[in-house]
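# Residue-level structure breakdown
Here is what each chain is made of, one letter per residue.
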Amino acid sequence: MTYLRDVGALARKDLLLELRARDTLPAMLLFVAAVFVVFHFALPGTPSRLETTGFLWVAILFTALLGLGRAFVPEREQRTMDGLVLAPCDRSAIWLAKSLATLAFLVAAEIVALPLYALFFHHVGGAIVLAVALADLGICAVGTFLGAMAVVTRARDLLLPLLFLPLAIPIVVGAVGASVAHAPGKYLAFLALYDALFAVVCWGSFEFVVSE
Amino acid sequence: MAASRCSKGLVKRNWPYPGHVLTASKLGKRYGEKRVLRGVDLELADGGFLVVTGPNGSGKTTLLRICAGLATPTEGTVERAVARGELGYLGHEPLVYRELTALENLDLYGRLYGVPERRERIGMLLERFGLWEVRRDRVASYSRGMTQRLALCRVLLHDPRLIVLDEPYTALDEAGAELLDSQLEELRGERTFLVSTHDPARVEPFASGRLALA
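Predicted model only: the values in this text are computed from it and were never measured.

### A short note on the overall build of chain B
Assigned secondary structure in chain B consists of six helices and eight strands. Scanning chain B from its N terminus toward the C terminus, one meets helices and strands in the order β-β-β-α-β-β-α-α-α-β-α-β-α-β. Taken over C-alpha atoms, the radius of gyration comes to 17 Å for chain B, in line with the 17 Å a tight globule of 214 residues would show. In terms of its C-alpha atoms, chain B occupies a principal-axis envelope of roughly 45 × 35 × 35 Å. The buried share of chain B, taken over its 214 residues, is 43%.

### Details of the nonpolar core
Of all hydrophobic cores here, the largest spans 121 residues; its most connected members are Leu191 of chain A together with Cys153, Val164 and Leu194 of chain B. Broken down by element, this core gets its largest block of residues, 14 residues, from helix H7 (residues 126–150) of chain A. For this core, the domains that each give at least three residues are domain 1 (19–82 + 161–214) and domain 2 (95–160) of chain B. Discounting chain neighbours no more than four positions away, the residues touching Leu194 of chain B are Leu22, Leu44, Leu50, Val52, Leu64, Cys67 and Val164 of chain B.

### Structural notes on the interface of chain A and chain B
Many descriptions give the size of an interface as the accessible area lost when the pieces come together. Every contact between the two is made by 22 residues of chain A and, on the other side, 27 residues of chain B. Tallying contributions element by element places helix H1 (residues 2–21) of chain A first for the side of chain A that touches chain B, with eight residues. A per-class count over the side of chain A that touches chain B returns 10 nonpolar, three polar and nine charged.

### Quick notes on the domain arrangement of chain B
Residues and elements named next belong to chain B. Domain annotation for chain B reports domain 1 (19–82 + 161–214) and domain 2 (95–160). Centre-to-centre separation of domain 1 and domain 2, based on C-alpha positions: 23 Å. Each side of the interface is counted separately: domain 1 has 12 residues, and domain 2 has nine residues. Only strand S6 (162–166) and helix H5 (174–187) provide two or more residues apiece to the side of domain 1 that touches domain 2. In terms of residue count, H5 provides more of the side of domain 1 that touches domain 2 than any other element does, four residues in total.

### Focus on unusual backbone geometry
Phi at Glu117 of chain B is positive, roughly 45 degrees, even though this residue is not glycine. Look at Glu117 of chain B and you get exposed, because 10 C-beta atoms sit within 10 Å.

### Quick look at the packing of helix H2 (residues 25–42) of chain A against helix H6 (residues 92–120) of chain A
Residues and elements named next belong to chain A. One way to put it is that H2 packs onto H6 with a least axis distance of 9 Å and a crossing angle of 20 degrees. Considering their axes alone, H2 and H6 lie roughly parallel with respect to each other. Both H2 and H6 take part in a crossing whose hand is right-handed. Packed against H2, whose contacting residues are Leu25, Met28, Leu29, Val32, Ala33, Phe36 and His40, the element H6 presents Phe105, Ala108, Ala109, Val112, Ala113, Leu116, Tyr117 and Phe120 at the interface. Tallied by class, the residues present in the contact of H2 with H6 amount to 14 nonpolar, one polar and no charged.

Procedures and definitions
Residues numbered from 1 in each chain as written. Chains lettered and ligands numbered in written order. Predicted model: local features only at pLDDT ≥ 70, side-chain atom pairs only at ≥ 80, totals over all residues. Helix = DSSP H or I, 4+ residues; strand = E, 2+ residues; numbered from the N terminus. Rg over C-alpha atoms; globule rule 2.2 N^0.38 Å. Buried ≥ 20, exposed ≤ 12 C-beta atoms within 10 Å, placed from the backbone. Core = buried A, V, L, I, M, F, W, Y, C linked by C-beta atoms within 7 Å. Domains from an automatic or database assignment. Contact = placed C-beta atoms within 7 Å. Nonpolar A, V, L, I, M, F, W, Y, C, P; charged D, E, K, R; others polar. Axes fitted to C-alpha atoms, helices over the stretch in contact; angles between N-to-C directions. Parallel < 35°, antiparallel > 145°, perpendicular 65-115°, else oblique. Left-handed = near helix turned anticlockwise from the far one by under 90°.

As structure tokens, then:
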């Protein structure tokens, strides 16, 4: 219970910071909307469902990357990570809270993105929604972990995409598969397995990321 | 009463030095080729007040960060007889969020440290450090001195056993400095202090020992 209270306090802090600063969510919303508009005008004729599904996932991945890149900016700019690290809470609570806050921003962006996708391209089915939900968990778990690693380096803006995109390939494989397959069950199970595996790895090793 | 909680990675040791809160032996620190600390020994008894002095670049901040557990030494050992939640640390940065109010910052830390009667304790500290009237203002609107006062509230919030202060008088006006003096006077002997300063005369009345870094 104490652990969940700590996670709640830290996630509340991240949401409050975003509510005040409005640095991340508006940028994610504008980005994802702009990407769909660009795709809409850039694609000749009527693109197939297979093609546009790929664009949907590219848009989601890069929108997430935008949010992940900003996840630890308050801690970096105001050097508050020392304060969090010194607190007697389990350090993985910092990762979990940050992942949950990033997940909230990503879900908010997708609430705009999916109707736009349906408007410009094709109908969004239940399998896509389920794939988006499962992919979000993996994206936020892995991306937040890598964001914490990248934020302490000078090349953080370069490092995060370089670390994150290769690790996101299985997410793309599972998500695109689940979106286009007639029987998406095995792809959804693959995404769930990815989420569980990487969530455990990130949870268990975050302590070493924030220790000198 | 000091708030104390166990956490992952925290090992309760059979403390080999009765009465000592902090013991460091032959501490050294290198950043690449650059050596910033060399062969520092210190023993800090329970209730002691150790003042660390030295010119710029002598390694005061590095020593205090190592003692607080924020940095690891490249040579030597450091042993703390206090848990992470029993330590209060004030560094060069206030470690508060500028977009949050003083109340929100202290509430966050109060929750993380499991401070009993959190609201009352926060109110008492804000009043004592002259921030009660501006408690709902964002820290971004505070002056540097007010932010330092808030940082001191943060340090004292969980009533730590070991208090590590790196240049605590920085940015404080005379009234703020006197407030800090009164806090140090009140807690002297009851809490253990490790304080670095460029103005040793200011903390001389409280000091039980001095460590000069070259």
